[in-house]
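This is what each chain is made of:
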Amino acid sequence: MSALPYVLILYYSRSGATRAMAERLAAGVESCRGIEARLRTVPPVSPTCEAVDPEIPAEGAIYAELDDLRHCAGLALGSPTRFGNMAAPLKHFVDTTSELWLGGALVDKPATAFTSTASLHGGQETTLISMLLPLLHHGMVYAGLPYCETELTETRSGGTPYGASHLAGKRSDRPLDETERQLAYAQGKRLARLALALEGVGDRS
């Protein structure tokens, strides 16, 4: 097993758009020497009490465990928007992290968020802010996208200073355009650089 520190990219994706963004963030992370990206997802939630999904998803990233968060050097949360908020499956997982909060496991670690929406004004920024809130409660250091990333002023689709975003279209079939790809990559790279700079600061053991 690698001894390198890693950035955890934790996301929920139903139609594949958020997953594509996660992969671009991962590429940005791994463009930095000395750190890795770890992609993880969360299972869907069900109105029934019986577990109906397999423990390992059929494709894509495996499901996250609390230890993935506990030992990460940085964290990126990704979700499609649900009425201007993060999707329930990701929120459900975040709500299980109380023991990490009690122990201060994530304090002083850098974090960011990214999202995908069906419409351009469909709640991208509020969804990003909804993911920011629990990160602040965990004592994490939030890192958005600075305007030195010139694509922020040139984009005609996704891209916000709060984090990378994507316009997926009403059928969720619009691929990431080059501006969105560059911004997601830059966000992953920035998070990795901050994680390396802050590595060990958040260790309270």
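Residues numbered from 1 in each chain as written. Predicted model: local features only at pLDDT ≥ 70, side-chain atom pairs only at ≥ 80, totals over all residues. Heavy atoms only, no water.

S.K.: Give me the lowdown on empty space enclosed by the protein, citing residues and values where you can.
M.R.: For the structure on display, the rule yields one cavity of 30 Å³ or more. As a volume, the largest cavity reaches approximately 60 Å³. For the largest cavity, the full set of lining residues is Leu10, Leu69, Leu75, Leu77, Phe93, Val94, Thr97, Pro134, Leu135 and His138. Of all the secondary structure elements, the ones that give two or more residues to the lining of the largest cavity are strand 4 (74-82), helix 3 (88-94) and helix 5 (124-137). A breakdown of the residues in the lining of the largest cavity according to their chemical character gives eight nonpolar, two polar and no charged. (1 Å grid on protein atoms, 1.4 Å probe; cavity = no way out; pocket = protein on both sides within 12 Å on 5 of 7 lines; lining within 4 Å. Points joined across faces, edges and corners; volume = space filled by probe spheres on them. Helix = DSSP H or I, 4+ residues; strand = E, 2+ residues; numbered from the N terminus. Nonpolar A, V, L, I, M, F, W, Y, C, P; charged D, E, K, R; others polar.)

S.K.: Before we move on, can you summarise helix 7 (residues 178-198) with the specific residues and values?
M.R.: With 21 residues, helix 7 ought to run about 30 Å at 1.5 Å a step, and its terminal C-alpha atoms sit 30 Å apart, in line with that. Where helix 7 is concerned, the buried positions are Thr179, Glu180, Leu183, Ala184, Ala186, Gln187, Gly188, Leu191, Ala192 and Ala195. Elements that come into contact with the buried residues of helix 7 comprise strand 1 (6-11), helix 1 (17-29), strand 4, strand 6 (110-117), helix 6 (151-154) and strand 8 (165-167). With a side-chain oxygen lying 3.1 Å from the backbone nitrogen of Thr179, the N-terminal cap of helix 7 falls on Asp177. (Expected span 1.5 Å × (residues − 1). Buried < 20%, exposed > 50% of the residue type's maximum accessible area, 1.4 Å probe, protein only. Contact = heavy atoms within 4.5 Å. Polar contact = N/O pair within 3.5 Å; in protein donor to acceptor, adjacent residues only side chain to side chain.)

S.K.: Help me get a handle on unusual backbone geometry, residues and values and all.
M.R.: The phi angle at Phe83 is positive, at roughly 55 degrees, despite the residue not being glycine. In this structure, Phe83 sits in the loop between strand 4 and strand 5 (85-86). The exposed category is assigned to Phe83, whose relative accessible area is 90%. Of note in the backbone geometry, Ser172 takes a positive phi value of approximately 55 degrees without being a glycine. Looking at the secondary structure, you find Ser172 in the loop between strand 8 and helix 7.

S.K.: Now, about the packing of aromatic side chains: what can you tell me, with residues and values included?
M.R.: Within this structure, the stated rule accounts for zero aromatic pairs. Positioned over the ring face of Tyr6 is Arg38, at 3.7 Å from the centre of the ring. (Phe/Tyr/Trp six-rings, centres within 6.5 Å; stacked < 30°, edge-to-face > 60°. Lys NZ or Arg CZ within 6 Å of the ring centre and 35° of its normal.)

S.K.: Describe the side chain of Glu151, and please don't skip the residues or the numbers.
M.R.: With respect to the helices, strands and loops of the structure, Glu151 is situated in helix 6. For Glu151, the residues in contact, after removing those within four places along its chain, are Thr179, Gln182 and Leu183.

S.K.: If you had to explain the pairing of strand 4 to someone new, which residues and values would you point to?
M.R.: Burial of strand 4 is extensive: eight of the nine residues sit out of reach of the surface. Judged from the five bridges that link them, strand 1 and strand 4 form a sheet pairing that is parallel. Directly across from Leu8, in strand 4, lies its bridge partner Leu75. Pairing between strand 4 and strand 5: two bridges, direction antiparallel. The residue of strand 5 that forms the bridge with Arg82 is Asn85. The loop that links strand 4 with its antiparallel partner strand 5 comprises two residues; one of these, Phe83, has a positive phi angle of about 55 degrees. (Pairing = 2+ DSSP bridges.)

S.K.: Tell me about the pairing of strand 6, residues and numbers included.
M.R.: Most of strand 6 is tucked away, with eight of its eight residues classed as buried. By the alternation rule, side chains of strand 6 split into Pro110, Thr112, Phe114 and Ser116 and Ala111, Ala113, Thr115 and Thr117, which are all buried. The pairing of strand 4 with strand 6 spans six bridges and is parallel. Opposite Ser79, over in strand 6, you have Thr115 as the bridge partner. Note: strand 6 against strand 7 (residues 141-142), two bridges, orientation parallel. The partner of Ala111 across the bridge, within strand 7, is Tyr142. Direction of pairing for strand 6 relative to strand 8: parallel, over a ladder of three bridges. What sits directly across from Ser116, in strand 8, is His166.

S.K.: So, the packing of helix 1 against helix 7: which residues are in play, and what are the values?
M.R.: The N-to-C vectors of helix 1 and helix 7 enclose an angle of 45 degrees; their axes lie 6 Å apart at closest approach. The angle between the axes of helix 1 and helix 7 places the two elements in the oblique class. Helix 1 and helix 7 meet at a crossing whose hand is right-handed. Contact residues: Met21, Arg24, Leu25, Ala27, Gly28 and Val29 in helix 1; Arg181, Ala184, Tyr185, Gln187, Gly188, Lys189 and Ala192 in helix 7. (Axes fitted to C-alpha atoms, helices over the stretch in contact; angles between N-to-C directions. Parallel < 35°, antiparallel > 145°, perpendicular 65-115°, else oblique. Left-handed = near helix turned anticlockwise from the far one by under 90°.)

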